[in-house]
Amino acid sequence: MIVSDIEAGRKELLGHGVEVSEVFHGGNNVYAGPDEPYLFGRIRVSGPDPEHRSYRSFASSVIRTANGWLMQEVTTRLAGRIDSG
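Everything numeric here is computed off the predicted structure, so don't read it as measured data.

**Digging into unusual backbone geometry**
Right, on to step 1. The backbone of His-52 sits at a positive phi, close to 50°, despite the residue not being glycine.
Right, on to step 2. With respect to the secondary-structure elements, His-52 resides in the loop between strand E3 (42-46) and strand E4 (57-62).
Right, on to step 3. Exposure remark for His-52: the relative accessible area of 44% places this residue in the partly exposed category.
Right, on to step 4. Phi is positive for Tyr-55, which is not a glycine, with a value near 70°.
Right, on to step 5. With respect to the secondary-structure elements, Tyr-55 resides in the loop between E3 and E4.
Right, on to step 6. For Tyr-55, a relative accessible area of 18% corresponds to the buried category.

Below is the structure:
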């Protein structure tokens, strides 16, 4: 799930009764062992990416159906990922 503001997106889901993790970002892209959902092996650092870079801040959730969801903050799309129409 892509959002432009990770804190606002998390707050909205919480307001609808959805259990959502705290916002986190990866620890220098280090992979070291298992992780609770859903960035397998990524070390989580509490809070959003300090520079608020796109594709770097996350929150995760498990919905009643046991499906895992990952919310990701995207503020600027990478080249080639924008619909030119």
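**Side note on the nonpolar core**
Right, on to step 1. With seven residues, the main nonpolar core is built from Val-3, Ile-6, Leu-13, Val-20, Val-23, Ala-59 and Met-71.
Right, on to step 2. Residues within four places of Val-20 in sequence aside, it is in contact with Arg-10, Leu-13, Leu-14, Ala-59, Ser-60, Ser-61 and Met-71.

**As for a nonpolar patch on the surface**
Right, on to step 1. The grouping of Met-1, Ile-63 and Trp-69 at the surface amounts to a nonpolar patch, some 280 Å² of accessible area in total.
Right, on to step 2. Note that Met-1 resides in the segment before strand E1 (2-3).
Right, on to step 3. Residue Met-1 is classed as partly exposed on the basis of its relative accessible area, which comes to 43%.

Quick notes on the rules
- Residues numbered from 1 in each chain as written.
- Predicted model: local features only at pLDDT ≥ 70, side-chain atom pairs only at ≥ 80, totals over all residues.
- Heavy atoms only, no water.
- Helix = DSSP H or I, 4+ residues; strand = E, 2+ residues; numbered from the N terminus.
- Buried < 20%, exposed > 50% of the residue type's maximum accessible area, 1.4 Å probe, protein only.
- Core = buried A, V, L, I, M, F, W, Y, C linked by side-chain atoms within 4.5 Å.
- Contact = heavy atoms within 4.5 Å.
- Patch = residues over 30% accessible without salt bridge, like charges linked within 9 Å, V, L, I, M, F, W, Y side chains within 5 Å.
- Areas by Shrake-Rupley, 256 points an atom, 1.4 Å probe, with all protein chains shown as cover.
- Salt bridge = Lys/Arg side-chain N within 4 Å of Asp/Glu carboxyl O.

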